Amino acid sequence: MTDIPQKVSRIRARWVVGYENGDHQLFQDGEVVWQGAQILFVGHGYPGEVDDEIEAGNALVGPGFIDLDALGDVDTTVLGFDNQPGWRKGRVVAADWVRRDLYSRDQLDFSKRYAYSQLLRTGITTALPITSILYREWAETFDEYCYAADVAESLGIRAYLGPAFMAGYHVVEADGSITLRLDEAKGLHGLEQAVAFVDRLSARNCATVKGMLAPDRIEGGTPALFNGLSQAVNALRCPTRLHCCQSQLEVNEVASRFAGKSSLEVLEDFSLLNRHMLLPHGQFLGGPQPDSVKISADIARLAASQATLISCPLVSGRHGKYLESFDELREKGVNLALGTDTFPPDMISNMHLGTILSRVVASDSAAASAAGYYRMATLGGAKALGREDLGRLAAGAQADIVLFDLDEPAMGQVFDPITALVINGNGRDVQGVIVAGEKVLWDRQLVKPGFDLDRLHHQAGIQLTELQQTYPERSWQHPEVSEIFRSSFPIRRGKQP
């Protein structure tokens, strides 16, 4: 029996972001041609026949964004934006809280459907989702992520998935001090289940859904867990994301338990600095008492290891801290990529804010550019995953394509398509998304059945409101909800009819 040839499709647009000679190129009045999941041609004047034509008009066609720390949840970090300090408001749980699952299995499953659809609608075609463990009995589970794989495949997003695991977490004691609770056995069991899940996805043999390892945070690890993780990374050679250099609390905790070393020194000691490692957020380099020499030594470790530093500008900016060594990281050749990690999961907003924050921190308006952050959102993520067929539009690459409408009045004047997109656009300007050659979002609507954006939005609001009611039981001194989440201004309620 002869296989039916896959159709050849072409999209034409005012601007196409192609890839040649090691970098993105802008093709004015360009075209992209693909067959099945693979791109055949990018540029001008494709000589062959096509079966399907898309005339995009005044639009920007570019590669899909790669989100290495993708919001995979109904976000709770937004609740802390104007409710600080976080340790008093449930971001570190009370020591007397008996941990339990605050979400039902149905609510956990819904969070995946909601969050993954939000990623696609903002142009993220490859995602490594992350969810909160603050409302869990311990961490994430094998079965939960089997369902997540079903959601990702049915939605059409390209995803790397794995349940988070940890051997410990911080608590707030009655006197307001913060200590660490450890249960190494649970951490090792979580690692075992995570390895089994990666094997399960490998056997599943889905082109768009792959496995990763997702240890939660470095301060939640122990020597035994790090040794086991190192062995797993060497055996599986899959992407492995570990939050480190994220907070002063973490840096101090790591130094106190590991002979005063920086977080990156500890990873190096356990052979966990290598090209498979994806490290958000990189904001506290150099250990507990950093200076220029110690910071430079940590940057040299990153560069030599080929590990990837994941910047998440929006969530970092909301917490008042950003990469203070952006220039040196870039100059020393550290691979830099992007994550969203909060709502909205908008890569364009993160590129814009990242450019601004890099300039502010360096006191230099030339410290970062729209093009540089666009590379981080595409080529940097692809390099992190070891995927030269992602993050670019070129013959042989995957047909992961995003279409932006440049006729949208809010886009302003398009003096340069990339700069205009980064400084004037946002994720709501995404008109169409193609993953592996298939339309998954078109005319701003999800194509796959079972994903209604309005219904998902409505249910997410209900779910977050219900979760807010659980904060008193796990917050320090157990204040009322109204004390944890104060209104921006006094509320005056009218009489109900």
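A short tour of the structure in this document, coming up.

Criteria and cut-off values
Positions within a chain are numbered from 1, following the residues in the order the chain's sequence is written. It should be noted that, the model being predicted, local features are given only for residues of pLDDT at least 70 and side-chain atom pairs only at 80 or more, the latter also being counted only at that level, while totals for whole chains, interfaces and linings use all residues. With hydrogens and water excluded, all non-hydrogen atoms of the structure serve as input to the side-chain values. Two strands qualify as a pair provided that DSSP identifies no fewer than 2 bridges between them. Helix and strand definitions follow DSSP, with helices as H or I runs of at least four residues and strands as E runs of at least two, each counted in order from the N terminus. Here, axes are lines fitted to C-alpha atoms. For helices the fit covers the stretch in contact, and angles between N-to-C directions go from 0 to 180 degrees. Contact definition: two residues touch when any of their heavy atoms are within 4.5 Å. A pair of Phe, Tyr and Trp rings is counted when the ring centres sit within 6.5 Å of each other, with Trp represented by its six-membered ring. The angle between the planes then sorts it: under 30 degrees is stacked, over 60 is edge-to-face, the rest tilted. Here's how the labels work: a residue is buried when its accessible area is under 20% of the maximum for its type, exposed when over 50%, partly exposed in between, all with a 1.4 Å probe on protein chains only. One side-chain nitrogen of Lys or Arg within 4 Å of one carboxyl oxygen of Asp or Glu is enough to make a salt bridge. By nonpolar core is meant a set of buried Ala, Val, Leu, Ile, Met, Phe, Trp, Tyr and Cys residues that side-chain atoms within 4.5 Å join together. Multiplying 1.5 Å by the helix residue count minus one yields the expected span of that helix. Definitions for this section: a left-handed crossing has its near helix turned counterclockwise from the far helix by less than a right angle. A right-handed crossing has that turn clockwise. Each residue gets one label: Ala, Val, Leu, Ile, Met, Phe, Trp, Tyr, Cys and Pro are nonpolar, Asp, Glu, Lys and Arg are charged, and the others, such as Gly, are polar. Each residue is assigned a bend, namely the angle between axes fitted to the seven residues that terminate at it and the seven residues that start at it. A 3.5 Å cut-off defines polar contacts: any pair of N or O atoms within that distance qualifies, except that in protein one atom must be a possible hydrogen donor and the other a possible acceptor, and neighbouring residues in sequence count only when both atoms are side-chain atoms.

### Section: the sheet that holds strand β8 (residues 124–130)
- Strand order in the open sheet formed by 4 strands is β6-β8-β9-β13, with parallel pairing between adjacent strands. Every interior strand has two partners, whereas the edge strands, β6 (65–71) and β13 (209–211), have only one. Going across the sheet, the axis of each strand differs from the next one's by a mean of 20°, ignoring polarity.
- Sheet topology places β6 next to β8; 5 bridges connect them, and they run parallel. Within the sheet, the bridge partner assigned to Asp-67 lies in β8 and is Ala-127.
- Together, β9 (158–161) and β13 form the strand contacts of helix α2 (residues 142–155), whose direction differs from that of β9 by roughly 170°.

### Here we look at the packing of aromatic side chains
- Taken as a whole and assessed by the stated rule, the structure comprises 14 aromatic pairs.
- Ring centres 6.0 Å apart and planes at 85° place the aromatic pair Phe-65 and Tyr-374 in the edge-to-face group. Of this pair, Phe-65 sits in strand β6 while Tyr-374 sits in helix α11 (residues 370–385), and the two are 309 residues apart along the sequence. Assigned by exposure class, Phe-65 and Tyr-374 land together as buried.
- With a centroid separation of 6.1 Å and an interplanar angle of 40°, the aromatic rings of Phe-226 and Phe-258 are classed as tilted. Taken together, the positions of Phe-226 in helix α4 (residues 223–236) and Phe-258 in the loop between α5 (248–257) and α6 (263–269) put the pair 32 residues apart, joining distant regions of the chain.
- Since its relative accessible area comes to 3%, Phe-226 is described here as buried.

### What to know about the pattern of salt bridges
- This model, assessed by the stated rule, comprises 29 salt bridges.
- The partner of Asp-23 in a salt bridge is Arg-375, and the shortest N-O contact between them spans 2.9 Å. Residue Asp-23 is found in strand β2 (residues 23–35), and its partner Arg-375 is found in helix α11; the two are separated by 352 residues along the sequence.
- A salt bridge links Arg-204 to Asp-150, with the nearest nitrogen and oxygen atoms 2.8 Å apart. Of the two residues, Arg-204 is situated in helix α3 (residues 184–204) and Asp-150 in helix α2; the sequence distance between them amounts to 54 residues.
- Under the relative-accessibility criterion, Arg-204 is labelled partly exposed at 31%.
- Counted as one network, the salt bridges with shared partners bring together Arg-10, Arg-12, Glu-31, Glu-53 and Glu-55.

### Details of the nonpolar core
- Counting residues in hydrophobic clusters, the biggest one holds 116 residues, and the most contacted among them are Tyr-116, Leu-161 and Leu-279.
- The element best represented in this core is α2, accounting for 8 residues.
- When neighbours within four sequence positions are excluded, Leu-279 is seen to be in contact with Leu-242, Cys-244, Leu-264, Leu-267, Leu-273, Leu-302, Ala-307, Thr-308, Leu-309 and Ile-310.
- Judged by nonpolar contacts, the second largest core, of 19 residues, contains Val-16, Phe-27, Ile-54 and Leu-393.

### Describing α2
- When the terminal C-alpha atoms of α2 are compared, their 20 Å separation across 14 residues agrees well with the 20 Å that a helix rising 1.5 Å per residue should span.
- Elements in contact with the buried residues of α2: α1 (105–121), β9, α3, β13, β21 (438–442) and β22 (445–446).
- Of the residues one or two after α2, Gly-156 is the one with positive phi, at around 100°.

### Describing the packing of α1 against α2
- The interhelical angle for the contact between α1 and α2, taken along N-to-C directions, is 35°, at an axis separation of 10 Å. The interaxial crossing formed by α1 with α2 has right-handed handedness. Where α1 approaches α2, its residues Arg-105, Leu-108, Asp-109, Lys-112, Arg-113, Tyr-116, Ser-117 and Leu-120 are matched on the opposing element by Asp-143, Glu-144, Tyr-145, Tyr-147, Ala-148, Val-151, Ala-152 and Leu-155.
- Here the contact of α1 with α2 is built from residues that sort into 9 nonpolar, 1 polar and 6 charged.

### Some details on the sheet that holds strand β11 (residues 168–172)
- Strands sit in the order β7-β11-β12 across an open sheet of 3 strands; the sheet is mixed. Each edge of the open sheet carries a strand with a single partner, namely β7 (93–94) and β12 (178–182).
- As judged from the 2 bridges shared by β7 and β11, these two strands associate in the parallel manner. Each residue of the ladder has a partner; that of Ala-94, found in β11, is Val-172.
- Packing against the sheet, α5 makes contact with β11 and β12, and its axis sits at approximately 60° to β12.

### A short note on α11
- Taking 1.5 Å of rise per residue, the 16 residues of α11 would be expected to cover 22 Å, and the 22 Å separating its terminal C-alpha atoms lies within 8% of that figure.
- Along α11, the helix axis deviates most sharply at Met-376, where the bend reaches about 40°.
- Most of α11 is tucked away: 12 of the 16 residues are buried.
- Here α11 has its buried residues at Ala-370, Tyr-373, Tyr-374, Met-376, Ala-377, Thr-378, Leu-379, Gly-380, Gly-381, Ala-382, Ala-384 and Leu-385.
- Looking one or two residues past α11, Gly-386 carries a phi angle of roughly 65°, positive in sign.

### As for the side chain of Thr-122
- Mapped onto the fold, Thr-122 is located in the loop between α1 and β8.
- Accessibility expressed as a relative area gives 6% for Thr-122, which makes it buried.
- Every residue in contact with Thr-122, bar those within four places of it in the chain, is listed here: Phe-65, Pro-345, Asp-346, Gly-427 and Val-430.

### Quick look at the side chain of Ser-475
- Tracing the sequence through the fold places Ser-475 in the loop between α14 (471–474) and α15 (481–484).
- One polar contact links the side chain of Ser-475 to the main-chain amide nitrogen of Gly-90, over a distance of 3.4 Å.
- Among residues more than four places away in sequence, those in contact with Ser-475 are Arg-88, Lys-89, Gly-90, Ala-94 and Ile-484.

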